Amino acid sequence: MVSTQNHTPSTGKYTQPTGLFINNEFVNSVDGKTFETINPATEEVICSVSEATEKDVDIAVAAARKAYETVWRKVTPEDRGKMLVNLANLIEKNADTLAAVESLDNGKAIGMAKADVGMVAGCLRYYGGWADKIEGKVIDTNPDTFTYTRQEPIGVCGQIIPWNFPLLMWAWKIGPAIATGNVVVIKTAEQTPLSGLVAASLIKEAGFPPGVINIISGFGKVAGAALSSHMDVDKIAFTGSTVVGRMIMKAAAGSNLKKVTLELGGKSPNIVFNDADIENAISWVNFGIFFNHGQCCCAGSRVYVQSGIYDKFVERFKARALANKVGDPFAADTFQGPQVSQLQFDRIMGYISEGKKEGATVVTGGERHGDKGYFIQPTIFSNVTEDMKIMQEEVFGPVCSISKFETEEEVIATGNNSTYGLAAAVHTTNLNTALRVANNIRAGTVWVNCYNMLHHQIPFGGFKESGIGRELGEAALSNYTQCKSVSIRLGDAIF
Ligand code: ADP
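Quick caveat, the model's predicted, so the values are computed rather than measured.

Engineer: It is not clear to me how the site of the ligand should be interpreted in this structure. Could you clarify?
Structural biologist: The ligand sits among 20 residues. The nearest are Ile161, Trp163, Lys187, Glu190 and Ser241. Gly220 places a main-chain nitrogen or oxygen 3.1 Å from an oxygen atom of the ligand. In the model, an oxygen atom of the ligand is placed 2.7 Å from a nitrogen or oxygen of the Ser241 side chain. If the ligand stood free it would expose 560 Å²; the protein chains cover 87% of that surface. Counting only elements with at least two residues in the shell around the ligand, the list comes to helix H7 (220–228), strand E12 (235–239) and helix H8 (242–254). A breakdown of the residues in the shell around the ligand according to their chemical character gives ten nonpolar, seven polar and three charged.

Engineer: I tried to follow a nonpolar patch on the surface on my own but got confused; where do I start?
Structural biologist: A contiguous nonpolar patch, built from Val138, Phe146, Ile488 and Leu490 and spanning about 360 Å² of accessible area, is present on the exposed surface. With respect to the helices and strands, Val138 occurs in strand E7 (residues 138–139). On the accessibility criterion, Val138 (58% relative accessible area) is exposed.

Engineer: Whenever I open this one, the environment of Cys298 confuses me. Can you help?
Structural biologist: Along the chain, the position of Cys298 falls in the loop between helix H9 (278–290) and strand E15 (302–306). Note on Cys298: relative accessible area 3%, which makes it buried. Linking Cys298 and Thr445, residues 147 residues apart in sequence, is a C-alpha distance of 8.9 Å. With sequence-adjacent residues up to four places away left out, Cys298 is seen in contact with Ser268, Leu422, Ala423, Trp447, Tyr451, Asn452, Leu454 and Phe460.

Engineer: Before we go on, may I ask you to explain the sheet that holds strand E8 (residues 145–153) in this structure?
Structural biologist: What links the strands of a sheet is backbone hydrogen bonding, and the strands pair in either a parallel or an antiparallel sense. The strand order across the open sheet built from three strands is E7-E8-E24, with neighbouring strands paired in antiparallel fashion. Each edge of the open sheet is held by one strand with a lone partner, namely E7 and strand E24 (481–489). Note: E7 against E8, two bridges, orientation antiparallel. Opposite Ile139, over in E8, you have Thr147 as the bridge partner.

Engineer: Looking at this structure, how should I read the sheet that holds strand E17 (residues 379–382)?
Structural biologist: Taken together, seven strands build an open sheet; the order of strands is E16-E17-E18-E15-E14-E20-E21 and the sheet is mixed. Each having just a single partner strand, strand E16 (361–364) and strand E21 (445–448) make up the two edges of the open sheet. Neighbour to neighbour, the strand axes of the sheet diverge by 25 degrees on average, direction disregarded. In this structure, strand E14 (residues 269–272) lies alongside E15, joined through four bridges in parallel fashion. Bridge pairing links Val272 to Val305 in E15. Packing against the sheet, helix H10 (residues 310–322) makes contact with E14, E15, E16, E17 and strand E18 (399–405), and its axis sits at approximately 165 degrees to E18.

Engineer: In this structure, what is going on with unusual backbone geometry? I would like to understand it.
Structural biologist: When glycine is set aside, most residues are seen to have a negative phi, and most peptide bonds are trans. A positive phi angle, close to 65 degrees, is found at Asn24, a residue other than glycine. Positionally, Asn24 belongs in the loop between strand E3 (20–22) and strand E4 (25–27). Of note, the phi angle at Leu257 is positive, near 50 degrees, even though the residue is not glycine. Relative to the helices and strands, Leu257 is located in the loop between H8 and strand E13 (259–263).

Engineer: Whenever I open this one, the pattern of salt bridges confuses me. Can you help?
Structural biologist: Pairing of side chains with opposite charge becomes possible as their charged atoms draw close. By the definition in use, this model includes 21 salt bridges. Between Arg150 and Glu152 there is a salt bridge; the shortest N-O distance is 2.7 Å. Among the residues examined, Arg150 registers a relative accessible area of 42% and is labelled partly exposed. Among the charged side chains, a network of salt bridges with common partners joins Arg65, Glu69, Arg73, Asp232 and Asp234.

Thresholds, definitions, all that
Residues numbered from 1 in each chain as written. Predicted model: local features only at pLDDT ≥ 70, side-chain atom pairs only at ≥ 80, totals over all residues. Heavy atoms only, no water. Near = heavy atom within 4 Å. Polar contact = N/O pair within 3.5 Å; in protein donor to acceptor, adjacent residues only side chain to side chain. Areas by Shrake-Rupley, 256 points an atom, 1.4 Å probe, with all protein chains shown as cover. Helix = DSSP H or I, 4+ residues; strand = E, 2+ residues; numbered from the N terminus. Nonpolar A, V, L, I, M, F, W, Y, C, P; charged D, E, K, R; others polar. Patch = residues over 30% accessible without salt bridge, like charges linked within 9 Å, V, L, I, M, F, W, Y side chains within 5 Å. Salt bridge = Lys/Arg side-chain N within 4 Å of Asp/Glu carboxyl O. Buried < 20%, exposed > 50% of the residue type's maximum accessible area, 1.4 Å probe, protein only. Contact = heavy atoms within 4.5 Å. Pairing = 2+ DSSP bridges. Axes fitted to C-alpha atoms, helices over the stretch in contact; angles between N-to-C directions.

Function-wise, these values are silent; they only describe arrangement.
Pasting the structure below:
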């Protein structure tokens, strides 16, 4: 069985591929192993998919290697670009199904899932445009030598993605890797394998030769570990927790020193000054933490509000959070669906009870929502001090911690008081304040008077323990190329 008939509440029946996508075909795993994927809104099993073990990883890597060494190298950059654009077009053609499958498997609100699918197409098309613009340089050292550089692909890339944006992370990984001439083996997250498999069914039609893009479902400790320690994988790109990021780096170092890029966790400060447009700031703070149910690596989970507006801000933010509709991901007006899994639900509830124990004030939320599905009330803690766990650790749920500050200097120091450095935001109507804070915060992205404004043209990635390398934009291309210098002697021998 490499497919099954599934049903989504918004689009009805569809064919769900369940096999491993290797060499442009869906196949069963070697051992015939499968695992179940759960609908987080109902806690019911949706279906089972094939589970890749080390043997399947070997097969997928071998398929990718063969494609790389034979057909893929002969494909022109222009044609690579066309294939990515074809894939973007096919994604758009199948947008309703893809969005519905994403909501079903991940729990995200259908409106958000549709937005994700739009961004998937945008990202693939953008990198399709880059494929024939990867250029080297001529370097003039002396009249008797001609030197040029080539930006060559790295080769077989292992890519391990998380469950919070299953399809979007799929596109962020495929786009730059394929544009620059690499081949890939992607392992999706075990919590959310379905949308990546539906999208995989479009790869052949987009024109990609067999083995260029391989998609496998499986667990981190088995398939993920096999990919990151594989001797024939030339590069590993990972998005997920900092804990696992360290393991990936160790596995790379302990095997063949494959190149590593990591996009990891965060505990991003969202800073609101007295002179901010308070209603706008509240909207962005609300979106910054509660978008995607708080399951964003860049979530604005540490909110620092200046003392002059602190009380007013907390009161109005509470009202705003209470207006976020929590519930059925398929209802058009839902803003927040369930957390992705029982494990995540338990972790988040653990942080909430820790916050209560440590003495922070629950402004709103702090409990489960309903009695079925992994729903959690939007939760705001105020009077949170720097030493509390909820101010230090990544909760990865709809929980934010608010603290009061007096001066710009102080908030820059507390904003930077984190081992992470993924994102930050500042809300103020003073341009000088905005730029000073933006320049002094140690984070890969700073938003001014907005939040979560991610775009495929803009580089994204972490300072400090939030990661290595940049995704998106032109910056991502360098993660997937290696520079070769070729020097040609034009004159007589000098030695
Ligand atoms: P979370 O804790 O939020 O689920 P993880 O960082 O554990 O996030 O998971 C992100 C991705 O990393 C998933 O695809 C998961 O299967 C994978 N993963 C987990 N553990 C490992 C590991 N030891 N080696 C490689 N990949 C892993």
